[in-house]
Amino acid sequence: MKRGSHPGCRPALGCCQGPRRDQLQLLHSPRGSVVRWRGQSCDSQQDALLAGIGVLTQDTLWCFSQVKGTIEIGATEADIISTVEFNHTGELLATGDKGGRVVIFQREQESKNQVHRRGEYNVYSTFQSHEPEFDYLKSLEIEEKINKIRWLPQQNAAYFLLSTNDKTVKLWKVSERDKRPEGYNLKDEEGRLRDPATITTLRVPVLRPMDLMVEATPRRVFANAHTYHINSISVNSDYETYMSADDLRINLWNFEITNQSFNIVDIKPANMEELTEVITAAEFHPHHCNSFVYSSSKGTIRLCDMRASALCDRHSKFFEEPEDPSNRSFFSEIISSISDVKFSHSGRYIMTRDYLTVKVWDLNMENRPIETYQVHDYLRSKLCSLYENDCIFDKFECVWNGSDSVIMTGSYNNFFRMFDRNTKRDVTLEASRENSKPRAILKPRKVCVGGKRRKDEISVDSLDFSKKILHTAWHPSENIIAVAATNNLYIFQDKVN
Amino acid sequence: MLGKGEKRKFDEHEDGLEGKIMSPSDGPSKVSYTLQRQTIFNISLMKLYNHRPLTEPSLQKTVLINNMLRRIQEELKQEGSLRPVFTAAAAAAAASPAPDSLSDSYREAPPALSAPAPPPPPPPPPPALAGDLGSTTPLEVCLTPASLLEDHDDDTFCTSPAAPPAAPARPSAPAPPPEKDSFSSALDEIEELCPTSTSPGAAAAAPDSSRAGSGAPGVPRPDDPKLMDSLPGNFEITTSTGFLTDLTLDDILFADIDTSMYDFDPCTSASGTASKMAPVSADDLLKTLAPYSSQPVAPSQPFKMDLTELDHIMEVLVGS
C-alpha cells in the first residue's frame, strides 16, 4: 500500500492503513523504516504495532525478560515472595519469601556479542535467613516470613544486606570465595589434624584457585527490641545506623551494636484501649541523616528530625490530605491507611500508597499531595466485599524509577501500573506466563468498569483477587523492573531498539 | 461474592449500599444504609473474634476494625440519643434504643441484630445494642453476605430468616478453649486491649520500651474500678470501647467449658450468648439488661450468684 493512496491514510502522522486484520493498523515509523506485517504471525504483528505506537508516542515499551519460580503446581505457601529489592548498583536483586529464605540474583556481564540482550539475572546465592520461632510467653508462633530486605552500599568486595521478619533483624554478609589455602602444616588436605611427630618440614600455605563459591554469613543479629511486628527497615545515609519500625515504635540501631537500640518514636498510648492509629511504614531521608518519615494507618505522614529531641514523638512536618466529603464511606479510614512510603531519589518528594491511590507529596507542602494517581478506582464500589474477604487490608508497595519520573505499583489480577509524572500517562501491564515469550512486548491491559466490554478488556467482576502484586522493584538507573507475582518473580526490561 | 460475573441490577441502589453516607432523612435509603452498617458491624465483629491464628493477629488490622466498630457505635449512639445512656460501661456503646418512630422502619429491614458470633474466648458485645435496633425484634443474627448487598435485591432482604432459634440463655461465658496456648493468646489479647498498668511486666513499659521483649503478660486486674471511675470523664471512650473491656478474666478463667459453642453458627448461637454479658459489675449488668434485652432475665438468680462468686474469686486472685 502506498502512502496516501487509500482512505484512512494520514501520511503526516506516518500512518498507513493496510487491509484490516483484527482492526490492526500498519504504522510507518517516523524514522521512515516500515514495520512489516505481511506474512508475519499475529503476535509479532501486535509487537510491531506496539513498537510503532511506542516510537510515535515515546512511551517506554516493556518486554518480558525472565521469570523465576515454579509454575503453579509445585508452589507451596513458603515460596510466596514477600519482598524484592535491587542493590544500589542494580547488579544484585534480592528476594525474600514466606519460608524465610533469601535468594539473590546477579546480573551477568553484558557480552559484546549480544548487544541487544541486556544482562540476565541468575541465581547468585540462596540462604535461609530466618527460621520460625515460638514465643513461649504468648504461645504464639513467630513467622519466618521475610518482611523487608535492604541493601547496604557496597564498601568492599563483600555485599551486605539487612533482612527482617516480624521480630528480628539480621545483617548478612554475602561474599565470594574463589581461592583456598593449601599446604597447611598441622592439617592435611581433608582437614584432619596431622600427627606432629610426622611433620618434618615446614612449608608456607599457598592460595590456589577454586570454583567460585558464594557464601552468606549472618554477621549481626538484632533481636528482642520489638514487641510488635516489624514492618519497615531503612538504612541511614550515614551508613552507620539504621532504623526498624513496628506498629507502635521505631528503633534506631548502630550496625555494630546488637544488644542495644534507641527508641526514637513511640506512639503506644498508656491505655491500649485508646489505640486508634499504628505506624505502617518508615524511611530515612536519602541524604539528610537526621530526617525520616513514618506513615500511619490514618493516612498521615510525619517527618521527624532527630536533632530536635531524642524521642521524636513530635513531628517537624505533618502531611495529611483533608478528606473528600463526596467520597466518604464506612471504609474511608481503612482505605486511607498508608501501606508504603518512599522518598524520591532526589529527597525532595515522598510517595505514599494507600488502598486505591498513589500520592506524591512535596516535602515543602504539608496540606495536600501534589499528585494523586488512581490505581484501581473501580474497586471503590466493591469495598464491602473486599472488606469481607480481607483484601482491603492488602499492603501494596510503590517504587520510583531512577530518575523519579515514573512511579510504579501493583494491583490485582497480576496487574501492575506505571504512572509517568511528566506526561501524565499511565499504563496497566500484566505479569503472567502467557505473556512470557522472550522479549515479547507487554500489551497494555484495561479494566472495563461497566457498560459494554470491549474485546481484550477485562471486567471488574472477573478480576482474580488472589493474584495480587504487592512487591515490585525498579533498577536504580536502568529501565529494568522486578515484579513479584505470588511465587514467581518476573523481570521486565524496556525494549532495546 | 466477587468474580461471580453477575450483572448489576440497580446502580443507584448499589451506591446507596456501598458508598455514600446518606442523610437520615431519606426513607428507603436510610434503611439500606442501616442495613449496610449493620452488616459491616457484624463482619467486623466476626473478624475480630473469629480469627484464631497460630501467630499474633496483625495489630494494624485489629485497630482498623476496632475503629470501624467504634464509629458505627458512635453513630448508633447518636441516632438513638434521646434516651440517656445508663451505666453503660457494662452495657457499652450506643445503649439507648431507637425511638418508636424509627423502630418501625427498622422492623422492615430485617435485621441483623448486633448479637454477633460467640467466639471461643472473647465475649460478645452487650445486648444493649440489640435493644437499639428494634427492641421489638427478637435477638437474632442474620448475616447478610455482602454479595447480596451488591447484587442487591430488596426482596432478599425482607425475606431473610427472621426467627431466631430458641436462645438458651446461658449465663456463662463462651467456653474458653481447652488448649493452653489459645488461652494464653487470649490472655495476651486481653492484656493488649485492657489497661495493663498493674501487670508486672508492663508496669515498666516506658523505660523498657527500647529493650522490650515480649514482656510478661501478668494477670490483668478486673476493670471495674477503672471503668467506673473513668465513666463520667471518659464516658465516650469507655462506652465506645466497652465491648473491648467486657473481655474480663472472669470469662476465660471461670466459665464452664461448653463445647456446644464450638459449633459456630451465626444465626443460632449468637443469641445464646447475647444475654450473658460478663461485665465487671453484676448489679449494673442486671439493671441495664432488663430494659434492653428482649430476652427474659429469668436466669437472673443463678446468674447473679455466678457473678458474685466470680467477683469473689477475682478478688482472691488479685489479692494474691
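From a predicted model like this one, the values you see are computed outputs, not experimental measurements. (Residues numbered from 1 in each chain as written. Chains lettered and ligands numbered in written order. Predicted model: local features only at pLDDT ≥ 70, side-chain atom pairs only at ≥ 80, totals over all residues. Heavy atoms only, no water.)

Asker: Any chance you could break down the overall build of chain B for me, citing the residues and the numbers?
Answerer: Looking only at helices and strands, chain B features 17 helices and zero strands. Looking at chain B as a whole, 55% of its 320 residues are labelled buried. The contacts in chain B between residues at least 6 apart in sequence include a share of 79% that link residues at least 24 apart. Total accessible area computed for chain B in this model is approximately 13100 Å², and 60% of it derives from carbon and sulfur atoms. (Helix = DSSP H or I, 4+ residues; strand = E, 2+ residues; numbered from the N terminus. Buried < 20%, exposed > 50% of the residue type's maximum accessible area, 1.4 Å probe, protein only. Contact = heavy atoms within 4.5 Å. Areas by Shrake-Rupley, 256 points an atom, 1.4 Å probe, with all protein chains shown as cover.)

Asker: Give me the pairing of strand β17 (residues 262-266) of chain A: which residues, what numbers.
Answerer: Residues and elements named next belong to chain A. By the criterion of burial, β17 is predominantly enclosed, with four of the five residues buried. In the sheet, strand β16 (residues 249-254) pairs with β17 via four bridges, with the strands oriented antiparallel. Across the sheet, the residue bridging to Asn-251 is Asn-263, located in β17. (Pairing = 2+ DSSP bridges.)

Asker: So what's going on with the pattern of salt bridges? Which residues, and what values?
Answerer: Residue and element names in this part refer to chain A. The tally for this structure, following the rule as stated, stands at 37 salt bridges over all chains. Here Arg-101 ties to Asp-97 by a salt bridge, and the two come within 2.9 Å at their closest N and O atoms. For Arg-101, a relative accessible area of 27% gives the class partly exposed. Residue classification places Asp-97 among the buried positions, given a relative accessible area of 7%. Counted as one network, the salt bridges with shared partners bring together Asp-79, Asp-97 and Arg-101. (Salt bridge = Lys/Arg side-chain N within 4 Å of Asp/Glu carboxyl O.)

Asker: Could you give an account of the sheet that holds strand β33 (residues 480-485) of chain A, with specific residues and numbers?
Answerer: The strands making up a sheet associate through backbone hydrogen bonding, with each pair oriented either parallel or antiparallel. All names here are of chain A. Read from one edge to the other, the open sheet built from four strands follows the order β3-β34-β33-β32, with strand pairing classed as antiparallel. Looking at the sheet topology across the chains shown, the edges are occupied by β3 (62-68) and β32 (471-474). Sheet twist, expressed as the mean angle between neighbouring strand axes with direction ignored, is 20 degrees. (Axes fitted to C-alpha atoms, helices over the stretch in contact; angles between N-to-C directions.)

Asker: Mind laying out the nonpolar core, listing which residues take part and the relevant values?
Answerer: One recurring pattern in soluble globular proteins is that nonpolar side chains are buried together. Ranked by size, the top nonpolar core spans 36 residues in total, and within it Phe-331, Tyr-355, Leu-379, Tyr-387 and Ile-392 of chain A carry the most contacts. Mapped by element, the contributors of at least two residues to this core are α2 (332-336) and α3 (383-388) of chain A together with α2 (27-50) and α3 (59-79) of chain B. In this view, Tyr-355 of chain A contacts Ile-335, Ser-337, His-376, Leu-379, Leu-383, Leu-386, Cys-391, Ile-392, Asp-394, Phe-396 and Tyr-412 of chain A; residues no more than four positions away in its chain are not counted. Ala-431, Trp-474, Ala-485 and Tyr-490 of chain A belong to the second largest nonpolar core, which has 17 residues in total. (Core = buried A, V, L, I, M, F, W, Y, C linked by side-chain atoms within 4.5 Å.)

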